[in-house]
Amino acid sequence: MWLLIFLVSFLIWAAGTFWYLFRKPSPFTVESVRPAGPLELDQRKRDKVLKQGFTKEKIPKNLDAIIIGSGIGGMTAAATMAKAGKRVLVLEQHDVAGGCCHTFTEKGFEFDVGLHYFGQLHENGLLKVAMDQITEGQLEFVELPQHFDSIVIDDSSKRRDYALLSGRTEMEQNLKKYFPDDAKAVEEFFKLMKITATRIHYLAILKLIPQWFALFLLKSGIADFCSSIFRLSGSNATEMNNRLTNNKDLHVIFSYFFYGVPPKDSSFMINALMLHHFKRGAYYPKGGASEIPFHITKVIQKYGGSVLVRAPVSQILVDTKGTAYGVTVKKGDEHVEIRAPVIISNCGIFNTFQKLLPPEIQVKPEVQSRLDMMRPGKASFLLFSGFDATQEELDIVPTSIWLFKSNDMDAMMDEFFSMSKDEAPENVPMVLITFPSAKDPTSQIRHPGKSCMTILTMVNYEWFEEWKDTRVRKRGDDYFSYKMRFASYIFDWACKHFPKLRDKLVFQEAATPLTNMHYLSCNRGAIYSSDHNLDRFYAEAMARNRCDTPVKNLYLSGQDIFSCGIAGALHGGLLCASTVLSYPVYIDLLFIKKKLKWKKAREAAKLAKQKQQ
């Protein structure tokens, strides 16, 4: 065993030495980040960036890579590669870039599609450093109040409200106040949460080192010897919660970020990471979610790349040797062929392998084996509501509200997802309520006198499947009536907590799984992409679920690579860029973190010296 540990240590040292002596020019530098400019309020100028329509003439010459999909994972990979000197082209099927980060405006109300808030954007945090690099410092964030989430358990007994606070110590201490009899359970949970947060990079490394080596470390037991993270990743959330405490309300708090998988089928590690994500604060992009693709697109363009919309990719081109060499884009009745030595798909593994690859490639055993590692995720249902009133007039808050009908999440979710199509609309057991206009201080400048609300819940795709072959906005009265049953129920639930909403409502639109499929190309309407079940997060499964694919020169990015959410997809993009470039860009980000830390320490020392004088 010790010989193996020595061998592994030597290999890591040798690899690090090789990287240091022969590393490629870094795509990331401290100097590329500059002070943020003023917010661009001219919609025509924004549209020139975010709504560049596809034409043959706009395709850059001598492409190095084509990226399918303009979600944050694809855009991160594209910007990183562009800054590394690669000529990239991002193709988006929708009429605006951004994926789940795009916004839409209806009747003067601006709605975010998939971004609710961010964490880990504190000064010099890794995610903040990465975001600064891919936007070159032009994206600003607003820190939300310390009370960033409220969990409300609204069952038949007394209603319970729990405030989630950000802060190094405040989050834990506040939970102990709510649950004094379970203080030890809270302490133990936070110890485990710290392990997941400080050791999660080990699992990312498994995706970057040669697969045979990663599997060797896992199967030999060396990985488990080095860290417990490899066991935690495959630990059942319900079992872990039960070991800590029998308090069901506390179980909900440990696993309240719902993404369609009950705690009994989900990874304890992922649930703990989601809570830890906000320990150092919750943030929202100043100017709204579309600021993210707006500034990343400008970086891609700066380095010779393009982001083109209304560019639906119809097929990934693969030659007789099984190598991807380009894509076809449907433009009217024509299929435009575009070639590049690297193809990156950010539209999900199911869309990529089942819809875009040629039929003869889809059936190959190695492709099917990779596909069998994942299963389709649960679909989402979103309700967008607009109000002719300000935040103060409505008594709404920047805090996100998570409502639950029961403190038994496993039973509650199992019961709901097993319901018939007709039973489901009036029995939604959990929702997330968020007010984007209350989170962004520029909202009242850009849309004065207006407020908006988004409600999210999870549903079965099968409940809407009968309308899958109908056209958007022309799906018929039955479809409209059915989706509005869901909408009415969850809106009424929201009004119980914010009673002033109802009288000021002037706009409402419901997005079903079919809506998500049309505008976001989500497989079966799942905005969180593939299912986040426990099998996916076993260490060996994570080592095998990589950015490279059985098809040479075809790579995957986004939520399917690591985890769901904006941050998870962004890391999927960084992992993808690292794989394509054969260069671990994370090391550069860590060096920048160190440089910024040293710079701040020098400035603090200089300031202290001046005060003494």
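Nothing here was measured: the structure is a model prediction, and the numbers come from that model.

A few words now on the overall build of the protein chain. In terms of helices and strands, the protein chain carries 26 helices and 20 strands. A compact globule built from 613 residues should have a C-alpha radius of gyration of about 25 Å, and the protein chain, at 24 Å, falls within 12% of that. Across the protein chain, contacts joining residues at least 24 apart in sequence account for 76% of those joining residues at least 6 apart. Accessible surface for the protein chain amounts to roughly 26300 Å². Of this, 53% is attributable to carbon and sulfur atoms. Measuring between centres, the 78 positive side-chain charges of the protein chain sit 8 Å from its 66 negative side-chain charges.

The next subject is the pattern of salt bridges. Following the criterion strictly, the structure yields 32 salt bridges and no others. With a closest N to O distance of 2.6 Å, Glu334 and Lys56 form a salt bridge. Of this pair, Glu334 sits in strand E13 (residues 334-339) while Lys56 sits in the loop between helix H2 (43-50) and strand E1 (65-68), and the two are 278 residues apart along the sequence. The class for Glu334 is partly exposed, based on a relative accessible area of 36%. Classification of Lys56 as partly exposed rests on a relative accessible area of 44%.

This part takes up the pairing of strand E18 (residues 451-459). In terms of burial, E18 is a largely internal element, nine of the nine residues being buried. Here E18 shows a buried face lined by Ser451, Met453, Ile455, Thr457 and Val459 and a second buried face lined by Cys452, Thr454, Leu456 and Met458. By the bridge criterion, nine bridges tie strand E15 (residues 379-387) to E18 in an arrangement that is antiparallel. Pairing of Phe384 across the sheet is with Thr454, part of E18.

Looking at the second largest pocket, its volume works out to about 1100 Å³. Together, 46 residues line the second largest pocket, and Phe104, Thr105, Glu106, Arg473 and Tyr519 are the ones closest to its centre. For the lining of the second largest pocket, the elements supplying multiple residues, two or more each, are H2, strand E3 (103-106), E15, helix H21 (477-497), strand E19 (505-511) and helix H23 (513-520). Looking at the lining of the second largest pocket, its residues break down into 18 nonpolar, 14 polar and 14 charged.

It is worth spelling out the UniProt feature "transmembrane region" (unreviewed entry) in the protein chain at this point. UniProt's feature table lists "transmembrane region" (unreviewed entry) at residues 569-592, given in the numbering used throughout. The straight-line gap between the two end C-alpha atoms of residues 569-592 is 21 Å; of that span, 88% is helix and 0% is strand.

Below, the discussion takes up the state of the cysteines. Taken as a whole, this structure holds zero disulfides when the rule is applied. Free of any disulfide, Cys495 has its nearest neighbouring cysteine sulfur in Cys452, separated by 15 Å. For Cys495, a relative accessible area of 7% puts it in the buried group. Of all cysteine sulfurs in the structure, the one in Cys100 sits closest to Cys522, which takes part in no disulfide; the separation is 5.3 Å.

Attention now moves to unusual backbone geometry. One non-glycine residue, Asn124, lies in the positive phi region at around 70 degrees. By relative accessible area, Asn124 is classed as buried at 19%.

Moving on: the packing of H2 against helix H13 (residues 291-302). The geometry of H2 relative to H13 is characterised by a closest axis approach of 9 Å and an angle of 60 degrees between their N-to-C directions. As summarised for this structure, H2 and H13 are arranged oblique, according to the angle between their axes. H2 and H13 meet at a crossing whose hand is left-handed. Residue-level inspection shows Lys45, Arg46, Val49 and Leu50 of H2 in contact with H13, the latter providing Glu291, Pro293, Phe294, Thr297, Lys298 and Gln301. By residue class, the composition of the contact of H2 with H13 is four nonpolar, two polar and four charged.

What the three strands build is an open sheet, ordered E11-E12-E13; its pairing is antiparallel. The sheet terminates laterally at strand E11 (313-318) and E13, the two strands that pair on one side only. Averaged over all pairs of adjacent strands, the angle between strand axes in this sheet comes to 25 degrees, irrespective of strand direction. With six bridges joining them, strand E12 (residues 324-331) and E13 adopt antiparallel strand pairing. In the strand pairing of E13, Val329 is matched with Val336.

Together, Lys51, Lys58, Arg310 and Lys331 line one region of the surface with positive charge. Locating Lys331 in the fold gives a position in strand E12. Looking at Lys331, the relative accessible area reads 38%, which means it is partly exposed.

Right, let's get into helix H26 (residues 585-612). Helix length check: H26 (28 residues) gives 41 Å between terminal C-alpha atoms against 40 Å at 1.5 Å per residue, within 8%. The set of residues buried in H26 consists of Val585, Tyr586, Asp588, Leu589 and Ile592.

Before going further, it helps to spend a moment on the packing of helix H6 (residues 183-206) against helix H12 (residues 268-276). It is the contact of H6 with H12, at a shortest axis distance of 9 Å, that shows an interaxial angle of 100 degrees. Taken as axis vectors, H6 and H12 run roughly perpendicular relative to one another. On H12, the residues that touch Phe189, Leu192, Met193, Thr196, Ala197, Ile200 and Leu203 of H6 are Phe268, Met269, Ala272, Leu273, Leu275 and His276. Its residues assigned to classes, the contact of H6 with H12 shows eleven nonpolar, two polar and no charged.

The end-to-end C-alpha distance of H13, which contains twelve residues, comes to 17 Å, matching closely the 16 Å that a straight helix rising 1.5 Å per residue would cover. Here H13 lies mainly inside the structure; nine of its twelve residues are buried. Residues Glu291, Ile292, Pro293, Phe294, His295, Ile296, Thr297, Val299 and Ile300 constitute the buried set of H13. Directly beyond the C-terminal end of H13, a positive phi value near 90 degrees is found at Gly304.

Rules used in this analysis
- Residues numbered from 1 in each chain as written.
- Predicted model: local features only at pLDDT ≥ 70, side-chain atom pairs only at ≥ 80, totals over all residues.
- Heavy atoms only, no water.
- Helix = DSSP H or I, 4+ residues; strand = E, 2+ residues; numbered from the N terminus.
- Rg over C-alpha atoms; globule rule 2.2 N^0.38 Å.
- Contact = heavy atoms within 4.5 Å.
- Areas by Shrake-Rupley, 256 points an atom, 1.4 Å probe, with all protein chains shown as cover.
- Lys, Arg positive; Asp, Glu negative; His and termini not counted.
- Charge placed at Lys NZ, Arg CZ, Asp CG, Glu CD.
- Salt bridge = Lys/Arg side-chain N within 4 Å of Asp/Glu carboxyl O.
- Buried < 20%, exposed > 50% of the residue type's maximum accessible area, 1.4 Å probe, protein only.
- Pairing = 2+ DSSP bridges.
- 1 Å grid on protein atoms, 1.4 Å probe; cavity = no way out; pocket = protein on both sides within 12 Å on 5 of 7 lines; lining within 4 Å.
- Points joined across faces, edges and corners; volume = space filled by probe spheres on them.
- Nonpolar A, V, L, I, M, F, W, Y, C, P; charged D, E, K, R; others polar.
- UniProt positions renumbered as here; feature names shortened; annotations may be inferred.
- Disulfide = S-S within 2.5 Å.
- Axes fitted to C-alpha atoms, helices over the stretch in contact; angles between N-to-C directions.
- Parallel < 35°, antiparallel > 145°, perpendicular 65-115°, else oblique.
- Left-handed = near helix turned anticlockwise from the far one by under 90°.
- Patch = residues over 30% accessible without salt bridge, like charges linked within 9 Å, V, L, I, M, F, W, Y side chains within 5 Å.
- Expected span 1.5 Å × (residues − 1).

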